[in-house]
Amino acid sequence: MENIISFVNICVKKGDHILLINRQHDHFKGWIPPGGKVIFPESFFEAAVRELEEETGLVATNLVLKGISGFTNEGAYERHVYYDFLCTAFSGSLKASREGIPKWWPIRSLETLPMQAEIRQRLPLYFRPGSFESINYWDNDTKVISKNSTKLYD
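Basis of the calculations
- Residues numbered from 1 in each chain as written.
- Predicted model: local features only at pLDDT ≥ 70, side-chain atom pairs only at ≥ 80, totals over all residues.
- Heavy atoms only, no water.
- Helix = DSSP H or I, 4+ residues; strand = E, 2+ residues; numbered from the N terminus.
- Rg over C-alpha atoms; globule rule 2.2 N^0.38 Å.
- Salt bridge = Lys/Arg side-chain N within 4 Å of Asp/Glu carboxyl O.
- Buried < 20%, exposed > 50% of the residue type's maximum accessible area, 1.4 Å probe, protein only.
- Phe/Tyr/Trp six-rings, centres within 6.5 Å; stacked < 30°, edge-to-face > 60°.
- Lys NZ or Arg CZ within 6 Å of the ring centre and 35° of its normal.
- Contact = heavy atoms within 4.5 Å.
- Pairing = 2+ DSSP bridges.

## Quick look at the overall build of the protein chain
Counting its secondary structure elements, the protein chain contains 2 helices and 11 strands. Mapped from its N terminus to its C terminus, the protein chain presents α and β elements in the order β-β-β-β-α-β-β-β-β-β-α-β-β. For 154 residues, the compact-globule estimate of 2.2 N^0.38 gives 15 Å, and the protein chain sits close to it at 15 Å. Principal-axis analysis of the C-alpha atoms gives the protein chain an extent of 45 × 35 × 35 Å.

## Section: unusual backbone geometry
With an omega dihedral of 10°, the bond running from Phe40 to Pro41 counts as a cis peptide bond. Here Pro41 shows up in the loop between strand 4 (35–37) and helix 1 (44–56). Of note, the phi angle at Tyr77 is positive, near 55°, even though the residue is not glycine. Position of Tyr77 relative to the elements: it lies in the loop between strand 6 (64–73) and strand 7 (78–87). Positive phi, close to 60°, is recorded for Lys143, a residue that is not glycine. Checked against the element boundaries, Lys143 lands in the loop between strand 10 (131–139) and strand 11 (144–153).

## Structural notes on the pattern of salt bridges
The final tally for this structure, using the stated rule, is 9 salt bridges. In this structure, the salt-bridge partner of Asp84 is Arg122, at a minimum N-O distance of 3.2 Å. Within this pair, whereas Asp84 is found in strand 7, its partner Arg122 is found in helix 2 (residues 117–122), the two being separated by 38 residues in sequence. Here Asp84 matches Arg122 in class, with each residue buried. In the salt-bridge network here, residues are joined through shared partners; they are Glu42, Arg50, Glu51 and Glu54.

## Here we look at the packing of aromatic side chains
One pass over the structure, following the stated rule, counts 7 aromatic pairs. On the basis of an interplanar angle of 20° and a centroid distance of 3.9 Å, the ring pair of Phe44 and Tyr83 is categorised as stacked. With a gap of 39 residues between them, Phe44 in helix 1 and Tyr83 in strand 7 connect regions that are remote in the sequence. Following the ring pairs from residue to residue traces out a cluster consisting of Phe7, Phe71 and Tyr82. Taking the ring centre of Trp104 as reference, the NZ or CZ of Lys14 above it sits at 4.4 Å. The positively charged end of Lys147 is found above the aromatic ring belonging to Tyr137, 4.8 Å away from the centroid.

## Side note on the environment of Trp105
Relative to the helices and strands, Trp105 is located in strand 9 (residues 101–106). Using a relative accessible area of 16% as the deciding quantity, one classes Trp105 as buried. Ignoring any residue separated from it by four or fewer positions in sequence, one finds Trp105 in contact with Asp16, His17, Ile18, Leu20, Trp31 and Leu113.

## Comments concerning the pairing of strand 1 (residues 3–14)
Note on strand geometry: in a regular strand, side chains alternate between the two faces of the sheet. The pairing of strand 1 with strand 7 spans 10 bridges and is parallel. Bridging from a neighbouring strand, Asn9 pairs with Asp84 of strand 7. Pairing of strand 1 with strand 4, which is carried by 3 bridges, proceeds in the antiparallel orientation. Looking at the pairing, Asn9 lines up with Gly35 of strand 4. Bridge count for strand 1 against strand 2 (residues 17–23) is 3 bridges, and the pairing is antiparallel. Within strand 2, the position partnered with Lys14 by the bridge is His17. In textbook terms, the turn of a hairpin is the stretch between consecutive antiparallel strands, and for strand 1 and strand 2 this stretch comprises 2 residues, one of which, Gly15, has a positive phi near 65°.

Right under this line is the structure:
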């Protein structure tokens, strides 16, 4: 049977800036958007609101589901599914968390920030009209992403 693990990512946009967290632990080091695992039985929107507040102190007052991304490991018959949200309205004030220190970055500076290639490739998809699907296929033998399939829907 297929094993599916669900996560949320929240791209918080304010004008021409986005909020990223300087995560410096485990295998997700670098600047990343807020997000995390969906805790059963919460909804995906509830998980996005909770993760954003836990990691940044901000409370989403609007969320738009922009896409679905993730990793498929065909060898292990496993998927990590990320529900990708855009947030452009929020309340609260920024605070650090165990995930790292949040900071506003100009969108134009994303190419220069240390971050995972998969995140760098996905971030512009939040800002375009329509929705997206971006799936990475994990090679269990080499322990790397073997290919990516990205589809845009307008």
